[in-house]
Amino acid sequence: MVKLDEIQKRLMREVADLHEIPEGAYNFRANSQLAGRSTTANIDIKSKEDVSGIDIIIKDGTKKESVHIPVVLSESGIKETVYNDFYVGEDCDVLIVAGCGIDNCGSQDSEHDGVHRFFIGKNSKVKYVEKHYGSGDGKGKRILNPVTEVYMEENAAMEMEMVQIKGVDSTERTTKAELKAGAKLVVHERLMTHGEQKAASVYDVALNGDGSSADVVSRSVARDSSYQKLDLCILGNAACSGHTECDSIIMDNGRILAVPSLEANSVEAMLVHEAAIGKIAGDQLTKLMTLGLTEQEAEEQIINGFLK
Amino acid sequence: MLELINITFNADNDGQEKEIIKDISLKVEDDRFTVITGPNGGGKSTLAKIIAGIEKPQSGRILLDGRDITGLSITDRAKAGIGFAFQQPVRFKGLTVLDLLKIASGKPIKISEACSYLSEVGLCAKDYINREINASLSGGELKRIEIATILAKDPRLAVFDEPEAGIDLWSFQNLIKIFENMQKSVSGRSIMVISHQERILSIADEIVVLANGQISAQGSREEILPTIMGTDSAVGSCGMLEKEAKSNG
């Protein structure tokens, strides 16, 4: 076990809202090493033997329990790929909090590529929260390329909150999901890029069973000279309903490419997509200024609200 | 007291300069509910925006309690005590009603305080406090929230730009009640409403008629209202519809 230093503790707070050791199961990873682990009667965590990563096994009927698996990188020059598999049994109701914080004060790039796979059993409910955060003023880049795969059995429900607000230089996010009958997926993505950052986020959601549904909503802000590509695709292969929405604010010299797409392979599929990109509306700024905020304060309030 | 001295405002109209406000001088006294009326295109909303600092006049001076605020920005005028309710309230994705009320009051406020502002404008606080100010709100709801932000800000001078515009008749009835309450408790502040609705004019202490960018009449309600009844400056809502709204409401 490794003791966390102050930087690592700060990163932990940013990505997992953890001030203390959480109740329930957890697995802390710091600079590619195990820094702490706890299991419960219903949730087991095992290290993988072939590759770096863990298996999280949640027993049938586990309710009101949580798993935290934060990762922090505070040394410059680390490059790692980690495979975490979540096996959620049937009839569960659990909260899973993951996240990665990178502090890079050095000159070498630091990169964490997390591959998360979720196998969610029948009638189970999962809330998944993932936060990414970067800090440090070194020349080395902070790179995060998360891959998330979700396989949902009949009537499973998953709500995903994916947040990347600060400090990550380059990111390629890939999220795939396959839903069986009656399964329901709700995704809220919040993305902000600044400086010269580049971010790509690709969603590929297949609605394979009757009565399955997906609602994928991405809100993003591109500031300075940053670039974002948002590619949200839903495939309707049964009597299902799907909705994707990319809603973006563009500022300074930021650039955004939004590519929401739909593919219907069943006449019973009901699919909708929406996309909007625009600068902050002038009358929004004016309204907040008539309430006493400066233009800059008004801008901050609007963005904070938008990304909340 | 707000004082406008020789205010002139020209707008660019397809390359041609058009005089919208022509050398207006006006005093808005304290403890008064003043209604600015007049035909459409007469310059009423422009005048309201000039007071809030959203439009800059080409010439003239604006004094608030004797202090020259002509050069102040929108933000500084808000800080100096001017509140402005938009004719078309703005929507904000993500910001909640509570967020906006907090910003308006300029200090951390308790939920119970925020709720009291909403109750005053006839909204059930628990249904609205955490609602986003987005497209899911109707025009009438937005108008009331807009007014609630002014209550939360509690300015020395509150300017309402056509509060009745864009709302249905049922909401209009309730809006009148809100303004009646404001008129009763105006003491220590002043309220200025841009409107040509007869129902709002009938609760005014003071009426100013603005036509073609100039003040054509100014005085107490008793003095002015009879002279403008039935004109563009005092429009009644449709009697039939109003009756229907009353029986339904």
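From a predicted model like this one, the values you see are computed outputs, not experimental measurements. Within each chain, residue numbers correspond to sequence positions counted from 1 in written order. Just so you know, chain letters begin at A and ligand numbers begin at 1, following the order they were written in. A pLDDT threshold of at least 70 governs which residues receive local features in this predicted model, and a stricter bar of 80 or more applies before side-chain atom pairs are shown or counted, although totals over entire chains, interfaces and linings include all residues.

Asker: Got a sec to walk through the overall build of chain A? Specific residues and values, please.
Answerer: Helices and strands together make up the secondary structure of chain A, namely three helices and 20 strands. Each radius of gyration reported is based on C-alpha atoms, and the globular scaling rule is 2.2 Å times the count of residues to the power 0.38. In terms of overall size, chain A behaves like a compact globule, its C-alpha atoms giving a radius of gyration of 20 Å where 308 residues would be expected to give roughly 19 Å. Based on the C-alpha atoms only, the size of chain A along its principal axes is roughly 55 × 55 × 35 Å. Exposure in this text rests on C-beta crowding, where 20 or more other C-beta atoms within 10 Å of a residue's own make it buried, 12 or fewer make it exposed, and counts in between make it partly exposed. The C-beta atoms are placed from the backbone. Looking at chain A residue by residue over its 308 residues, the buried ones come to 44%. Strands are runs of DSSP state E lasting at least two residues, helices are runs of H or I lasting at least four, and both sets are numbered from the N terminus onward.

Asker: Any chance you could break down the interface of chain B and chain A for me, citing the residues and the numbers?
Answerer: We call two residues in contact if the C-beta atoms placed from their backbones are at most 7 Å apart. On the side of chain A, 17 residues touch chain B, which itself brings 19 residues to the contact. Those elements giving two or more residues to the side of chain B that touches chain A turn out to be helix H2 (74-80), strand S7 (92-96), helix H3 (97-105) and helix H6 (139-153) of chain B. Three categories are distinguished: nonpolar for Ala, Val, Leu, Ile, Met, Phe, Trp, Tyr, Cys and Pro, charged for Asp, Glu, Lys and Arg, and polar for the others, with Gly belonging to the last. Here the side of chain B that touches chain A is built from residues that sort into 11 nonpolar, four polar and four charged.

Asker: Report on the domain arrangement of chain A, specifying residues and quantitative values.
Answerer: Residue and element names in this part refer to chain A. Each domain's limits were defined by an automated method or a database of domain assignments. The domains assigned to chain A are domain 1 (1-152) and domain 2 (169-308). Placing a centre on the C-alpha atoms of domain 1 and another on those of domain 2 gives a separation of 24 Å. If you look at the interface, domain 1 gives 13 residues, while domain 2 gives 14 residues. Listed by contribution, the elements that provide at least two residues to the side of domain 1 that touches domain 2 are strand S10 (142-144) and strand S11 (147-152). Ranked by residue count, the leading element in the side of domain 1 that touches domain 2 is S11, at six residues.

Asker: Before we move on, can you summarise the sheet that holds strand S20 (residues 270-278) of chain A with the specific residues and values?
Answerer: All names here are of chain A. In short, DSSP must find at least two bridges between two strands for them to pair. A sheet is described by the order of its strands in space; here 10 strands give the open sequence S2-S1-S5-S7-S9-S12-S14-S16-S18-S20, paired in mixed fashion. Each end of this open sheet is capped by a strand with a single partner; those strands are strand S2 (33-38) and S20. Strand-to-strand twist across the sheet, computed as the mean angle between neighbouring axes with direction ignored, equals 5°. Summarising the sheet, strand S1 (residues 25-30) and S2 pair through five bridges and their orientation is antiparallel. By the bridge assignment, Phe28 is partnered in S2 with Gly36. All axes are obtained by fitting lines to C-alpha atoms, using only the stretch in contact for helices, and the reported angles, taken between N-to-C directions, cover 0 to 180 degrees. Against the sheet, helix H1 (residues 6-16) engages S1, strand S5 (63-73), strand S7 (93-103) and strand S9 (125-135), with an angle of about 135° to S7.

Asker: Describe the environment of Val221 of chain A, with residues and values.
Answerer: Residue and element names in this part refer to chain A. If you trace the backbone, Val221 turns up in strand S16 (residues 213-222). Note on Val221: 24 C-beta atoms within 10 Å, which makes it buried. Placed 162 residues apart in sequence, Val221 and Lys59 show a C-alpha to C-alpha distance of 39 Å. If near-sequence neighbours (up to four positions away) are discounted, Val221 is found in contact with Met192, Ile249, Met251, Ile303, Phe306 and Leu307.

Asker: So, the environment of Ala269 of chain A: which residues are in play, and what are the values?
Answerer: Residues and elements named next belong to chain A. Within the secondary structure, Ala269 sits in the loop between strand S19 (255-264) and S20. Considering only alpha carbons, one finds Ala269 and Lys9, 260 residues apart in sequence, at a separation of 47 Å. Not counting residues up to four positions away in its chain, the partners in contact with Ala269 are Leu207, Gly236, Ala238, Ala239, Cys240 and Ala264.

Asker: Lay out the nonpolar core in plain terms, naming residues and giving numbers.
Answerer: To form a nonpolar core, buried Ala, Val, Leu, Ile, Met, Phe, Trp, Tyr and Cys residues must be joined through C-beta atoms within 7 Å. Membership of the largest hydrophobic core comes to 143 residues, with the highest contact counts inside it found for Leu185 and Val205 of chain A together with Val159 of chain B. Residue contributions to this core peak at seven residues, all from H6 of chain B. Summarising the domain contributions, this core has at least three residues from each of domain 1 (1-152) and domain 2 (169-308) of chain A. Residues within four places of Val205 of chain A in sequence aside, it is in contact with Ala177, Leu185, Ala214, Val216, Ile234, Leu235 and Gly242 of chain A.

Asker: So what's going on with helix H1 (residues 44-52) of chain B? Residues and values would help.
Answerer: Residue and element names in this part refer to chain B. The buried fraction of H1 amounts to nine of the nine residues, a majority that puts the element mostly inside the structure. Of the positions making up H1, those classed as buried are Lys44, Ser45, Thr46, Leu47, Ala48, Lys49, Ile50, Ile51 and Ala52. Positive phi appears at Gly53, one or two residues downstream of H1, with a value of about 90°.

Asker: Just give me the short version of the sheet that holds strand S5 (residues 67-68) of chain B, but keep the residues and values in it.
Answerer: Residue and element names in this part refer to chain B. Taken in spatial order, the four strands of this open sheet run S2-S1-S4-S5, and their pairing is antiparallel. The sheet terminates laterally at strand S2 (16-28) and S5, the two strands that pair on one side only. Direction of pairing for strand S1 (residues 2-13) relative to S2: antiparallel, over a ladder of nine bridges. Residue pairing for S2: Asn13 is matched across the bridge by Gln16. On the sheet, H1 packs against S1, S2 and strand S4 (59-64) and is oriented at approximately 115° with respect to S1.

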